[in-house]
Amino acid sequence: MLRGVNDAITDTQAAQVARLYYVQGLTTDAIARELGLSRPKVSRLLSHARRTGLVEIRIHDPQAQPQSLEAQLRAAYPFLTPHVVSVPPGSPESVWLERVSVASATLLGQTLRPGQTVGLAWGTTLDAVSRCLTPRHIPDLQFVQLNGSANARDFMSGFVTDTVTRFASNYGARAHLFPVPTFFDDPATRQAMWRERSVRHVLDLQEGADVLLYSVGAAGANLPSHVYVAGYLDPADQQALTEQGVAGDIATVFFRADGTFGGIPMNARSSGPDLTLTQRATQSICIVSGLGKVQALRAALAGQLMNTLIVDEITARDLLGTHAT
C-alpha cells in the first residue's frame, strides 16, 4: 500500500525530529505531541535519520581503541582527518574491509553536496564501498573515473564500469567513464591521446573535482589490489617497479616509500592523474583496509597524498607501530 502524502518521510522533518530527540532529549511521546505526529511516525523519522546518515551515532568508550588511534594519527599527521573503524577481535581481513566499506559509504553520504564533481579511482576497495551505499538523490552531482581501465579481461567482466556506474546510480548522478588503456605501451601514444577533445573533457573534470575517492594499491596485499592481479602489469613491469623502490599506487600512478612519484618511468605510461591532484583537492578521501597495505599507506602519508583517511583499527595500529600485546 502506498504511503499518503501526509505520511511521507522527508529529510527536513527527520532532521527536526532527530534534533529534538538526540540534542534536546525529548521522548518520542513528547515529540509526537509537539509536532502533531503519531508515535509510529516519529519512530519512522528517527529510523530514517539514522539510515540515511542525517544522524551519526558514535560511542566514546574509554576502553575502545578507535578514538585513541584517531588522536595518534592526527598527532603524527597534522594535515590528516582520520576515521578509524572498529572491527571484531580475531576477525579476518575480509570482515575489516566490509566494516570499512560501510563506514566509508556513510561518510560519503554525509560529505557529498549538490553540484559537486567526484573523482573516483577503481579497484577492490572502491568496488566494496560501492556495494554498501545508501540510495540518496543529490542534484547535479557527477562522478568522473580517474584512470583508464582498458584491459581485455575487464572489458568483458565490466568490473570497473560497474563500480563507477554503481556510485553514480546510487546518487542519481552522471557518470563520466574514461575508456582509455590503463597503461599505454608508449608514452607518446598517451600524449597524443591526451590532445583528443573527448579525453580532454574527462581530464578537465578530474582536474576540477571537489572530492577524490580512492585507495592505495599494494602488490603484497592479502586481499590483492586489482591492478596487480588482473593482467594490467606483466612480470617485467612488476620487477621494474620493485627495482625502482615503488611502495604502492593511487589510481595506477606509482609512488616510492618517501611519497615521491616523479621520474618513475611507468607513470609516463599510466592513464592515472598526476598525484599532485590529491594534494590540491578540497577533500581527498583515501580508504584502506588490510595489513598488506600498511607500507603503501605509510608512503602515501609521507607524501601527503590524502587529507582524509578511513582505515580499520588493526591496520591503523600497525601503521602507528602500536601492536597489541
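Residues numbered from 1 in each chain as written. Predicted model: local features only at pLDDT ≥ 70, side-chain atom pairs only at ≥ 80, totals over all residues. Heavy atoms only, no water.

Trainee: Describe the nonpolar core, with residues and values.
Mentor: Among the nonpolar cores identified, the biggest contains 35 residues, and Val-216, Ile-250, Phe-255, Leu-297, Met-306 and Leu-309 are the most heavily contacted of them. Of all the elements in the fold, those that place two or more residues in this core are α4 (66–76), β5 (211–214), β6 (246–250), β7 (253–256), β8 (283–288), α14 (294–302), β9 (308–312) and α15 (313–320). The element that contributes the greatest number of residues to this core is α14, accounting for 6 residues. Dropping the residues within four chain positions of it, Met-306 is found in contact with Phe-79, Leu-80, Tyr-214, Thr-278, Ser-284, Cys-286, Leu-297, Ala-300 and Leu-301. Counting residues in hydrophobic clusters, the runner-up holds 24 residues, among them Val-85, Leu-141, Phe-143 and Val-164. (Core = buried A, V, L, I, M, F, W, Y, C linked by side-chain atoms within 4.5 Å. Buried < 20%, exposed > 50% of the residue type's maximum accessible area, 1.4 Å probe, protein only. Helix = DSSP H or I, 4+ residues; strand = E, 2+ residues; numbered from the N terminus. Contact = heavy atoms within 4.5 Å.)

Trainee: Residue-level account of the environment of Leu-301, with values.
Mentor: You can see Leu-301 is positioned in helix α14. Measuring from C-alpha to C-alpha, the distance between Leu-301 and Gly-259 comes to 7.0 Å, with 42 residues separating the pair along the chain.

Trainee: How would you explain a nonpolar patch on the surface if you had to name every residue and give the values?
Mentor: Nonpolar side chains collect at one region of the surface, where Tyr-21, Tyr-22, Val-23 and Ile-57 lie side by side and expose about 400 Å² of accessible area between them. Tracing the backbone through its elements, the reader meets Val-23 in helix α1 (residues 11–23). (Patch = residues over 30% accessible without salt bridge, like charges linked within 9 Å, V, L, I, M, F, W, Y side chains within 5 Å. Areas by Shrake-Rupley, 256 points an atom, 1.4 Å probe, with all protein chains shown as cover. Salt bridge = Lys/Arg side-chain N within 4 Å of Asp/Glu carboxyl O.)

Trainee: Give a description of the pairing of β6 that names residues and reports values.
Mentor: A large share of β6 lies buried, amounting to 5 of its 5 residues. Judged from the 4 bridges that link them, β6 and β7 form a sheet pairing that is antiparallel. In the strand pairing of β7, Asp-249 is matched with Phe-254. Remark: 2 residues form the turn of the hairpin made by β6 and β7, two consecutive strands paired antiparallel; Ala-251 in that turn has positive phi of roughly 55°. (Pairing = 2+ DSSP bridges.)

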